[in-house]
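One-letter residues, chain by chain:
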Amino acid sequence: MGCDGGTIPTRDELVRLKKKPEQKDKDSVRLYKWRHCSLSQEALSKPILACELGRLYNKESILRHLLDRKDPQKTDLPRSHLRGLKDTKELILTPNPALERSKDFRTGGDPNAAPFVCPITGLEMNGRFRFVFDWNTGRVISERAYKILKDDPADKILEENLIILNPEEEGDEIDTLKTKMESRRARQKAAKKSNKRSKNEVLDEEEAPSVVKKAKAAKDIKAPSKPSNDSSSASSSSSVQSDDSKSEVYKSIFSSHPKAQNQPKGNWVTFGPRYN
């Protein structure tokens, strides 16, 4: 049966312990996050975009996502803050010059070398170091380089335009980025309304003189007077009386004939069909 002859069992042999759950390799998770699209999980390839929350995307994945948003049957899509390409920024990345050497293991290079580096410090963009980018320009640098350029008026990044790449999903960083995103969109909306209002005012100022000129021109133009019916009928009657080709009987029909003019007119006593 065992445990005889002086054998002393240990606690691990007598007590069954719970197996610890398998833990993910943090380095693998970190590398995957910096090398794959946040939407499609495909390998990142240029052009690479980033949203206002610092997540990385392939441009093709963003376009597919925007097309899916128009489908009414797809209501549970992720990344609801992506309303269009205007909510993303194409990144200006610096290729890693050591990447080609790293692909050949015989040269002793690192097979896990990052495809991009910081153009100032040379740090690799693999998640070990924090990277940021400027929302206005899309230029990507390391946080260490940002601190170096903070006092340089030519290359410094304004705090409101500073976006941290791949921040922690839970923490103050993502909350700060969300606050910046909301305030940025509010400013853009207010600026759009202001531009529209000023444009309408300019159009009104340009149209006002033309309206005055048109009104003045319309006032100066006099409408041609229409000939009266009496004058037209009189002229037609006189022309009939002077026409030799018409008979006397035909001419007597008209009021311009002398016989019709000399005929006595009736009054209120003698009014009758014979006098009219």
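Residues numbered from 1 in each chain as written. Predicted model: local features only at pLDDT ≥ 70, side-chain atom pairs only at ≥ 80, totals over all residues. Heavy atoms only, no water.

Asks: Help me get a handle on the pattern of salt bridges, residues and values and all.
Replies: As enumerated under the stated definition, the model contains 10 salt bridges in all. The salt bridge involving Glu143 is made with Arg130; its shortest N-O contact spans 2.9 Å. Taken together, the positions of Glu143 in helix α5 (residues 143-148) and Arg130 in the loop between β5 (116-117) and β6 (131-134) put the pair 13 residues apart, joining distant regions of the chain. For the salt bridge of Lys180 with Glu159, the shortest nitrogen-to-oxygen distance reads 3.4 Å. Of the two residues, Lys180 is situated in helix α6 (residues 172-220) and Glu159 in the loop between α5 and β8 (162-164); the sequence distance between them amounts to 21 residues. When its relative accessible area of 14% is taken as the criterion, Lys180 is described as buried. Judged by relative accessible area, Glu159 falls into the partly exposed class, the value being 47%. Salt bridges sharing partners connect three or more residues here, namely Glu52, Arg83, Asp87, Arg184 and Arg185. (Salt bridge = Lys/Arg side-chain N within 4 Å of Asp/Glu carboxyl O. Helix = DSSP H or I, 4+ residues; strand = E, 2+ residues; numbered from the N terminus. Buried < 20%, exposed > 50% of the residue type's maximum accessible area, 1.4 Å probe, protein only.)

Asks: Tell me about a nonpolar patch on the surface, residues and numbers included.
Replies: Together, Leu14, Val15 and Leu17 give the surface a local cluster of nonpolar side chains, amounting to about 290 Å² of exposed area. For Leu17, the location among the structural elements is in the loop between α1 (11-14) and α2 (26-35). Judged by relative accessible area, Leu17 falls into the exposed class, the value being 54%. (Patch = residues over 30% accessible without salt bridge, like charges linked within 9 Å, V, L, I, M, F, W, Y side chains within 5 Å. Areas by Shrake-Rupley, 256 points an atom, 1.4 Å probe, with all protein chains shown as cover.)

Asks: How would you sum up the sheet that holds β8? Please name residues and give values.
Replies: The strands that make up a sheet are held in pairs by hydrogen bonds between backbone atoms, and each pair lies either parallel or antiparallel. If you trace the 3 strands from one edge of the open sheet to the other, you get β7-β6-β8, paired in antiparallel fashion. The sheet terminates laterally at β7 (140-142) and β8, the two strands that pair on one side only. Direction aside, neighbouring strands of the sheet carry axes that sit 35° apart on average. Examined bridge by bridge, β6 and β8 share 3 bridges and lie antiparallel to one another. Paired with Phe133 across the bridge in β8 is Ile163. (Pairing = 2+ DSSP bridges. Axes fitted to C-alpha atoms, helices over the stretch in contact; angles between N-to-C directions.)

Asks: I'd like to hear about the packing of aromatic side chains, residue by residue, with values.
Replies: Within this structure, the stated rule accounts for 2 aromatic pairs. Ring centres 6.3 Å apart and planes at 65° place the aromatic pair Trp34 and Phe131 in the edge-to-face group. Taken together, the positions of Trp34 in helix α2 and Phe131 in strand β6 put the pair 97 residues apart, joining distant regions of the chain. The pair formed by Trp34 and Phe131 is uniform in burial state, with each residue classed as buried. An angle of 50° between the planes, with centres 6.3 Å apart, marks the rings of Phe133 and Trp135 as tilted. The pair formed by Phe133 and Trp135 is uniform in burial state, with each residue classed as buried. (Phe/Tyr/Trp six-rings, centres within 6.5 Å; stacked < 30°, edge-to-face > 60°.)

Asks: Account for the sheet that holds strand β1 (residues 48-51), with residues named and values stated.
Replies: Reading across from one edge, β2-β1-β3 is the order of the 3 strands in this open sheet, with antiparallel pairing throughout. Each edge of the sheet is formed by a strand with only one pairing partner; in this case those strands are β2 (56-58) and β3 (88-90). With direction set aside, neighbouring strand axes in the sheet form an average angle of 40°. Two strands pair when backbone bridges link them, and β1 and β3 are joined in this way by 3 bridges, in the antiparallel orientation. Opposite Ala50, over in β3, you have Lys89 as the bridge partner. Contacting β1, β2 and β3, helix α3 (residues 59-69) runs over the sheet at an angle of about 80° to β2. (Contact = heavy atoms within 4.5 Å.)

Asks: Account for the side chain of Asp87, with residues named and values stated.
Replies: Here Asp87 lies in the loop between α3 and β3. At 2.9 Å, the side chain of Asp87 and the backbone nitrogen of Arg83 are in polar contact. (Polar contact = N/O pair within 3.5 Å; in protein donor to acceptor, adjacent residues only side chain to side chain.)

Asks: Explain the confidence of the model for the chain to me, using residue names and the numbers behind them.
Replies: Atomic detail in the predicted coordinates should be set aside for any region of low pLDDT. Scored by pLDDT, the chain has a mean of 78; 72% of the residues are at 70 or more. The element-level mean pLDDT for the chain is lowest in helix α7 (residues 229-241), coming to 56, with β6 highest at 95. (pLDDT = per-residue confidence, 0-100.)

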